[in-house]
Amino acid sequence: MEKFITLTSSVIPLPIENIDTDQIIPARFLKATDKAGFGDQVFRDWRYQKDGSINTDFVLNDHRYSGSILLAGNNFGCGSSREHAAWALAGYGFKVVISSFFADIFKGNALNNGLLPIQLSKVFCDALMEHVQQNPNSTITIDLENQLVKTPVGDQSFEINSYKKTCLLNGYDDIDFLLSKMDKIVAFETSNL
């Protein structure tokens, strides 16, 4: 995985609540077990009309908005436990999703795949959403080390599991983390012989 320390980016606003994993990546695209290509299908049924033409009303198709931060409505990632939702968001280029609430399984899948879910208060998310919609070129900064989101509407701290924070800061998945402790593992094993 790629190291995540700080990120400054513009924001894509998606003010829809209760976005479930089937809306993030429809079930018909889950046949593959490789992460490659899932980004092309993220929010597929919202990005495209039934005839395959682009839905110009959907925010990912709105050229005013770009960036690697998705600002979503409350209860993001609910529904089934598919890890493919995190794969699709990361594959599209998102590095952070901000919401006032995440489904627990989605949150874990996101962190396991280098995608940082940041939960902030609904009041703050609503104010940020309004600002971003009115100012598409504004940027925010995510400072993982200090657990701080810096925005034009104010700064907010956020919580993250300390183990997952360590993994993101170092670009580790679970195996990489264990390998980084190899000297301690070997020392423990040899001291108990």
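Above this text sits the structure in question.
Residues numbered from 1 in each chain as written. Predicted model: local features only at pLDDT ≥ 70, side-chain atom pairs only at ≥ 80, totals over all residues. Heavy atoms only, no water.

A. Summary view of the nonpolar core. If you look at the biggest cluster of nonpolar residues, it comprises 51 residues, and the most contacted ones within it are Phe43, Phe76, Leu89, Ile98, Phe106, Leu116 and Ile142. Tallying contributions element by element places helix 5 (residues 122-134) first for this core, with five residues. Excluding its chain neighbours within four sequence positions, the residues that come into contact with Leu89 are Ile24, Val42, Phe43, Leu70, Phe76, Phe94, Val97, Phe106 and Leu115. (Core = buried A, V, L, I, M, F, W, Y, C linked by side-chain atoms within 4.5 Å. Buried < 20%, exposed > 50% of the residue type's maximum accessible area, 1.4 Å probe, protein only. Helix = DSSP H or I, 4+ residues; strand = E, 2+ residues; numbered from the N terminus. Contact = heavy atoms within 4.5 Å.)

B. Structural view of the packing of aromatic side chains. The final tally for this structure, using the stated rule, is ten aromatic pairs. Taken together, a centroid distance of 5.8 Å and an interplanar angle of 55° make the contact between Trp46 and Phe58 tilted. Taken together, the residues Trp46 in helix 2 (residues 44-47) and Phe58 in the loop between helix 2 and strand 2 (69-72) connect sequence positions twelve residues apart. When the ring of Phe76 is compared with that of Phe106, the centres are 5.3 Å apart and the planes differ by 80°; the resulting orientation is edge-to-face. Of this pair, Phe76 sits in the loop between strand 2 and helix 3 (84-92) while Phe106 sits in helix 4 (residues 104-112), placing them 30 residues apart in sequence. Assigned by exposure class, Phe76 and Phe106 land together as buried. An aromatic cluster is present here, built from Phe43, Trp46 and Phe58 joined pairwise through their rings. The cationic tip of Arg44 hangs over the ring face of Tyr48; the distance from NZ or CZ to the ring centre is 4.2 Å. (Phe/Tyr/Trp six-rings, centres within 6.5 Å; stacked < 30°, edge-to-face > 60°. Lys NZ or Arg CZ within 6 Å of the ring centre and 35° of its normal.)

C. Structural view of the packing of helix 3 against helix 4. For the pair helix 3 and helix 4, interaxial distance at closest approach is 8 Å and the crossing angle is 50°. With respect to helix 4, the element helix 3 is oriented oblique. In this structure, helix 3 meets helix 4 at a crossing whose hand is right-handed. Residue-level inspection shows Ala85, Ala86 and Leu89 of helix 3 in contact with helix 4, the latter providing Phe106, Asn109 and Ala110. (Axes fitted to C-alpha atoms, helices over the stretch in contact; angles between N-to-C directions. Parallel < 35°, antiparallel > 145°, perpendicular 65-115°, else oblique. Left-handed = near helix turned anticlockwise from the far one by under 90°.)

D. Structural detail: the side chain of Asn55. Position of Asn55 among the secondary structure elements: in the loop between helix 2 and strand 2. There is a polar contact of 3.0 Å between the side chain of Asn55 and the backbone oxygen of Trp46. When neighbours within four sequence positions are excluded, Asn55 is seen to be in contact with Trp46, Arg47, Tyr48, Gln49 and Asn61. (Polar contact = N/O pair within 3.5 Å; in protein donor to acceptor, adjacent residues only side chain to side chain.)

E. Broad picture of the layout of surface pockets. Approximately 240 Å³ is the volume found for the largest pocket. If you go around the largest pocket, you meet 13 residues; those closest to its centre are Glu2, Phe94, Lys95, Asn113 and Gly114. The residue inventory of the lining of the largest pocket, partitioned by class, reads seven nonpolar, three polar and three charged. (1 Å grid on protein atoms, 1.4 Å probe; cavity = no way out; pocket = protein on both sides within 12 Å on 5 of 7 lines; lining within 4 Å. Points joined across faces, edges and corners; volume = space filled by probe spheres on them. Nonpolar A, V, L, I, M, F, W, Y, C, P; charged D, E, K, R; others polar.)

F. Quick peek at helix 5. The terminal C-alpha atoms of helix 5, which comprises 13 residues, lie 18 Å apart, in line with the 18 Å expected from a rise of 1.5 Å per residue. Listed as buried for helix 5 are Phe124, Cys125, Leu128, Met129, His131 and Val132. Around the axis of helix 5, the buried residues are gathered within 170° of arc, so they sit on the same side. Residues of helix 5 that are exposed and point more than 90 degrees away from the buried face comprise Val123 and Gln134. Each element contacted by the buried residues of helix 5 is listed here: strand 1 (6-14), strand 2, strand 3 (96-99), strand 5 (139-143), strand 6 (148-151) and strand 7 (154-157). (Expected span 1.5 Å × (residues − 1). Arc of directions from axis to C-beta.)

G. Region of the structure containing the pattern of salt bridges. Under the definition given, this model contains seven salt bridges. Between Asp126 and Lys122 there is a salt bridge, and its shortest N-O distance comes to 3.2 Å. Of this pair, Asp126 and Lys122 both sit in helix 5, separated by four residues, roughly a single helical turn. Taking relative accessible area as the criterion, Asp126 reaches 40% and is therefore assigned partly exposed. What makes Lys122 partly exposed here is its relative accessible area of 39%. With a shortest N-O distance of 3.4 Å, Asp174 and Lys164 are connected by a salt bridge. Of the two residues, Asp174 is situated in helix 7 (residues 174-180) and Lys164 in helix 6 (residues 162-170); the sequence distance between them amounts to ten residues. (Salt bridge = Lys/Arg side-chain N within 4 Å of Asp/Glu carboxyl O.)

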